[in-house]
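Descriptive analysis of the structure
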Amino acid sequence: MKDIPALLEQNLRTLEKSQPKLAARLRQYMDELPALREPVFRETPAGRWVEGLTEKPFFEKKILLEKRGKAAPSAVYLVFGTGCAPYLFHVLRSLPREALSVVVIEPSLDLLLLTLSQTSVFQALPQGARVSFVVDKDRSLIDEVFSWNVVPIGIYPVSKAVVFSHDGEENHEALSELRDTLKKEIIYRLTMLGNSPEDTLLGFRHATLNTPRILRSPRIADLMENYGGKPFVCVAAGPSLEKNVHLLKDIQDKCVIVACDTVLFHLLEKGIVPHVVTTIERPYIIYSAWVPRVLEKHREKCEQILLLSQSVSYPLIAGRWPGYSIVVGKMDTPVDNWFTGSVLGEQVLYSGLSVAHMALSLALACNAPSVALIGQDLAYGQDGISHASNTVPDSELATEQMLRRSGMSVPGSLGGMVETSTIWLTFIQIFERMIINQTRTPVFDCTEGGALIEGTKIIPFAEYIQKNILKQDFSVFRCEGVETKKKIRDDLPARFSIAFSQLDKIEERLQAFRGAIKKCTAPALLPNKRQALAFKTASILDQIHAMNPVVSFIGQSYTHLSGTVLAENRFLETVEQVERWKQMHEEIGDSHAFAVRFLRQWLTYAEKLSMLVADSAYDDPKGIDNNGEEEFLRLYTNAAERDVFPVDLADLLSCKDPLREDWSPDGLWKSALVLFAQGRADEARRFMKKAFEKMEGTELPNETIGSFFKDWGKMAAADDLCVLPSSEEAAIVLSNAREYLPHDQEIPVLQKSIVDRGKNIAIDLLKLNPAQNDEINLILQRKTAEAALLEGDLYKALTKVETLVWDNLEKFPDSAILHLQWLMKTAANCTKASDSKVASLSSDILDRIIENLALLTEKKISFPKEFLVYLEQKGIKFSMDPTDNQMDDG
C-alpha cells in the first residue's frame with residue numbers, strides 16, 4: 001500500500017512510541033494490501049449492517065454511533081470491539097477525567113486500521129490516560145500492552161475495570177477468544193504478583209534462616225556428571241498418577257526421577273525412591289504435611305534422595321533433611337535474586353510457582369534429552385478429585401474443593417474440556433512459557449489425563465519409557481558427583497556492606513518522602529500547586545524503589561493494591577481527596593519503613609550467621625546425632641548470662657524440631673522465647689501449646705506457672721507477618737496468668753492491649769469489607785464488653801452483652817447464644833450484688849430473658865444451672881417443652 005492517509009500515519013507514529021511491535025505488525029499488514037479495505041454499509045431504520053471487514057457481517061445500532069454521556073468513573077476501561085468510526089472515538093470521549101488506562105480489544109486489523117484512519121483516537125483520551133490495543137494472542141504483543149498500559153498502575157485496578165462491548169461484534173469467535181485470553185492473562189498476572197508484602201518478608205526471613213544451607217549447598221552444575229544428558233521423569237500428585245505410577249518401579253536407575261514434595265510419601269510407600277525431591281513453599285503447614293511423616297517412616301530412603309529446596313522454604317525442611325540438599329534462590333522473585341544471588345553470591349534457579357515447575361527447570365538445567373510429566377493433571381479428576389491418594393492432607397483437599405467453585409474449564413490433554421482452578425490455570429501458563437522459551441528439550445505430557453499444556457507432546461507413559469529410556473543405555477546413580485564441602489566466599493563482608501548501604505540510603509529518601517507529603521498537604525494551596533508537589537512525591541517514591549529490588553517489590557505490591565484509590569484522588573481538588581491522598585501515602589511510607597527495618601534485622605542475622613559458617617570451627621547443627629535439646633540448653637544458659645541470643649542458638653532451631661523430637665517442657669518454653677525474641681510469634685506459640693500439654697499433671701510453683709502463662713499470652717497476642725494475633729488464646733492464658741500472679745501490673749495492660757488490637761483489626765476489616773458490616777459490628781460489640789470487664793465495669797459489660805444478644809440472635813445465633821449463656825449465668829449470680837445498680841440491672845436482664853423464654857426454647861438453648869435456679873426461686877416451672885411452661889407471679 002503506497003498512499004497511507006495522513007491521519008493514519010499520524011496515529012501509527014503515536015502508536016510506535018507505546019506499542020512499536022504492534023505498529024510494525026500493522027505496517028507489515030498494510031504492505032500486503034493494495035489499499036485500505038473499505039466497509040460496505042447497508043442502512044436500516046435502526047442502524048446499519050457492516051460487511052467486508054470481518055469474517056461475517058455485524059450490525060451497528062444508531063445509538064452506538066452517537067455521542068454518549070459520561071461513563072461510570074473508573075481508573076481502567078476495557079473496550080471489546082472498535083466497530084466502525086466514530087464508535088471508538090465517542091467511547092473515549094465519554095470517559096471521565098479519572099480514567100488512567102484504556103485497553104481496546106479488536107482482532108480485525110482492517111477495523112482497527114479503518115478507525116485509526118478516520119478518527120484521532122489518541123486525542124480523544126482524557127488528559128493523562130493511556131490507550132493500547134490487543135489484536136491477537138501473540139505473547140510478545142500482549143506483553144507489550146501490559147508493560148505500557150497496565151504495569152504502571154497495577155493489575156488490581158485492571159481486574160476491576162469498567163467494560164464496553166460493541167453489541168454487533170460480541171458474537172464474533174475471534175473476539176470471544178481474545179476476551180478469554182485477556183481474562184487468563186489478568187488472572188496470571190494477579191497470581192504472579194504474589195500473596196502480599198508480608199508473604200515476601202516471610203520468604204526473606206526464611207532465606208536468612210537458611211543461610212548456612214545456602215552457603216554450603218553444592219552447585220547444580222555438580223549434578224551434570226551424573227544427571228546431565230539423562231532423561232527425566234517429573235512426578236506430580238494429580239489424580240491421574242494412579243494410572244501409571246507403577247511403571248516407575250522398573251526404571252528407577254535408568255532415568256532421573258524428580259518428585260514433588262507432596263508425592264514423595266506416596267512413591268516411597270510403593271517402593272519407588274526418586275533421585276530428587278523439590279520443595280518451594282513458605283508456610284509451616286507445608287513442612288508439617290510431608291517432612292515429618294517421610295522421615296519417621298522412610299528416613300533411610302531419604303538419605304539417598306537429593307533435596308532441591310527454595311531458599312524461601314520453611315527452614316526445617318532443609319535443616320532436617322538427612323540426605324544431600326541444594327538450597328537455591330528463586331530466579332523469578334526479587335527477594336531471592338537480591339539476597340541469595342546478590343548478597344550471598346549464590347545460585348538461583350527459575351522455579352515458577354510450584355514444585356512441578358521447579359522439577360522441570362532442574363531437568364532443563366541438566367540438559368535432559370527429554371522430559372516426561374506424570375501426575376501433572378492441573379485439573380479435577382473424576383468426582384472432583386484434586387490429588388492422588390496419600391499425597392496431601394485433608395485440609396488442603398478441602399481448600400482445593402473451595403477453589404473448584406471458580407468453575408473454569410480448559411482444553412483437556414485427551415480432548416474435550418476439563419475443570420480447573422485459577423491457580424492451576426496460572427501453573428499451566430507458566431509451563432507453556434517455560435516450554436516455548438527453550439527448544440532443546442522435548443517435554444512429553446504422559447499424565448494420561450488432566451489439562452492440555454500447549455507445547456508438550458502427549459503420549460502414554462509406557463510409550464515414552466520404551467522410546468526414550470529403554471532404547472538407550474542409561475545408568476543413573478544417586479547423589480554421585482555432588483561436592484559436599486564448598487569453600488565459603490571471601491567477599492561476603494563486602495557484599496553485606498553494600499546491602500546495608502542500600503538500606504541506609506533508602507531510609508534517607510523515606511525522610512524526604514515524608515517531608516514531601518507534608519508540603520503537598522499544607523493548607524491554602526491551589527490544586528495545580530498540590531498536583532506538582534504530588535508529582536514530586538511520586539518521583540521520590542520511584543527513587544526509593546530503584547534503590548533495592550526487594551523494597552521495590554514490596555512497595556509496588558502495596559501500590560498495586562492502592563492503585564484505584566490513588567487514581568481517584570490524584571487531582572487533589574477537595575479536602576476529602578487531599579485527606580485520602582495523605583492517608584494513603586503515609587501508609588505507603590509506613591509500610592516501606594517497616595520493610596526496611598525488617599530487612600535490616602534479618603540481614604544482620606544472616607551476616608553474623610555467614611561469618612559463623614565461614615569459620616573453620618563451625619559445627620553444623622545438622623550433624624548433632626541426638627534431638628539437640630542438651631546442646632540448645634547449654635547455648636541458652638550461656639546466652640542468658642550474656643543477655644543476648646547468639647545466632648547459632650536460632651540456627652539450631654532451624655535443624656531440630658522440638659515439637660517432634662521429644663523436647664521437655666523447659667526446652668520448649670526456652671526455644672519459644674528465642675523464636676519470640678526474633679519476632680516469630682506464630683512458631684513460638686506452637687511450642688508453648690506443646691509445652692503446656694506436657695506440663696499437665698505436673699506440680700510447679702505458682703510463680704513458674706504464672707510466668708509461663710504470661711509469656712504464652714505475649715506470644716499469642718503478637719502479630720507475625722501473615723498471621724494475625726491469636727486473641728482468644730491470648731485472653732484465656734493471660735486470665736490464667738492473672739490468677740497465679742495477681743499483683744503483676746503488666747498483665748492487665750497486656751489484656752487491655754489485646755482488646756484494643758481486636759477492635760482495630762475489626763475496624764480495618766470493615767474498611768476492606770463494608771458488606772460484612774453486621775459480622776464486624778458483632779466483633780466490636782464483644783470487644784467493647786471485654787474492655788468493660790477488664791476495667792472492672794460490670795454494669796457496662798452486662799449492658800453491652802445484652803445488646804449484643806438481642807441484636808444478633810437471629811443473624812448470628814451461635815455467637816449470640818454463647819453470650820446469652822454467659823449473660824444468664826452472670827446476671828443470676830449478681831441479683832444480690834453489693835452494687836445496687838448491678839443487682840437491679842441483673843434482675844431486669846433476667847426478666848427480659850424470661851419474657852422471651854418461648855423464643856429461646858425453640859432454639860434449643862442449654863440453660864445454665866444458675867438461671868434455672870433463679871427461675872425456680874421466681875416460682876416459674878420450666879421444661880424444654882414449651883407447652884409445659886407456667887409462670888406463677890406469686
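The structure under discussion appears in the preceding block.
Below is a summary of the structure that appears in this document. In this numbering scheme, every chain counts its residues from 1 along its sequence in written order. Only residues with pLDDT of 70 or above have their local features reported here, since the model is predicted, and side-chain atom pairs are shown and tallied only from 80 upward, although totals for entire chains, interfaces and linings are computed over all residues. For the side-chain quantities, the full set of heavy atoms in the structure was used; hydrogens and water were omitted.

Some points on the overall build of the protein chain
Filter applied, for reference: What counts as a helix is a DSSP run of H or I of at least four residues, what counts as a strand is a run of E of at least two, and both are numbered from the N terminus. Remark: exposure states derive from per-residue accessible area (1.4 Å probe, protein chains only) relative to the maximum for the residue type, with buried under 20%, exposed over 50%, and partly exposed in between. By definition in these notes, contact holds between two residues if any of their heavy atoms fall within 4.5 Å. For the area figures, the Shrake-Rupley method with a 1.4 Å probe applies, and any residue is considered shielded solely by the protein chains shown. When charges are counted, Lys and Arg contribute as positive and Asp and Glu as negative, whereas His and the chain ends are disregarded. By convention, charge coordinates are those of NZ in Lys, CZ in Arg, CG in Asp, or CD in Glu.
Check the secondary structure of the protein chain and you find 36 helices and 20 strands. With the principal axes as the frame, the protein chain shows a C-alpha extent of 100 × 75 × 60 Å. Taking all 890 residues of the protein chain together, 52% fall into the buried category. Taking contacts inside the protein chain between residues at least 6 apart in sequence as the whole, the part at least 24 apart equals 70%. Only carbon and sulfur atoms are counted for the fraction: they give 52% of the accessible area of the protein chain, which is about 40100 Å². Across the protein chain, the 101 positively charged side chains and the 120 negatively charged ones have centroids separated by 4 Å.

Details of the packing of aromatic side chains
The condition that has to hold: For Phe, Tyr and Trp, rings pair up if their centres lie within 6.5 Å, where Trp contributes its six-membered ring, and each pair is then called stacked (planes under 30 degrees apart), edge-to-face (over 60) or tilted (otherwise). The criterion is that NZ of a Lys, or CZ of an Arg, lies within 6 Å of the ring centre and within 35 degrees of the ring normal, and then a charge sits over that ring.
Applying the stated criterion across every chain, the model contains 25 aromatic pairs. Taken together, a centroid distance of 5.2 Å and an interplanar angle of 90° make the contact between Trp669 and Phe708 edge-to-face. Of this pair, Trp669 sits in helix H26 (residues 665-677) while Phe708 sits in helix H28 (residues 702-716), placing them 39 residues apart in sequence. A single burial state applies to Trp669 and to Phe708, both of which are buried. By way of ring pairs, the aromatic residues Trp669, Phe692, Phe708, Phe709, Trp712 and Tyr740 are connected into one cluster. Over the aromatic face of Phe265 sits the side chain of Arg293, whose NZ or CZ is 4.1 Å from the ring centroid. Against the face of Tyr284 rests Arg686, its NZ or CZ located 3.5 Å from the ring centre.

Here we look at the nonpolar core
Stated precisely, the cut-off is as follows: The nonpolar core is taken to be a set of buried Ala, Val, Leu, Ile, Met, Phe, Trp, Tyr and Cys residues, with the residues joined through side-chain atoms within 4.5 Å.
Ranked by internal contacts, the top residues of the largest apolar core, which has 106 residues, are Phe204, Trp290, Val294, Trp321, Phe339 and Leu603. Looking at which element gives the most residues to this core, the answer is helix H23 (residues 575-614), with 15 residues. In contact with Trp290, not counting residues within four places along its chain, are Asp261, Leu264, Val277, Thr279, Leu307, Ile317 and Trp321. In terms of nonpolar packing, the next biggest core, distinct from the first, is built from 72 residues, Ala237, Leu241, Ile326 and Leu364 among them.

Here we look at the environment of Gly415
In this fold, Gly415 is placed in the loop between strand S15 (408-411) and strand S16 (417-420). Separated by 358 residues in the primary sequence, Gly415 and Pro57 place their C-alpha atoms 31 Å from one another.

Things to note about the sheet that holds strand S3 (residues 58-61)
Stated precisely, the cut-off is as follows: Strands were regarded as paired on the criterion that DSSP finds at least two bridges between them. Here the axes come from fitting lines to C-alpha atoms, over the contacting stretch only for helices, and the angles between their N-to-C directions go from 0 to 180 degrees.
In space, the three strands of this open sheet follow the order S1-S2-S3, with antiparallel pairing throughout. A strand with exactly one partner marks an edge of an open sheet, and here the two such strands are strand S1 (40-44) and S3. Ignoring which end each strand starts from, the neighbouring axes of this sheet average 25° apart. Across five bridges, the pairing between S1 and strand S2 (residues 47-51) is antiparallel. Bridge pairing links Glu43 to Arg48 in S2.

The analysis is restricted to geometry; functional conclusions fall outside its scope.
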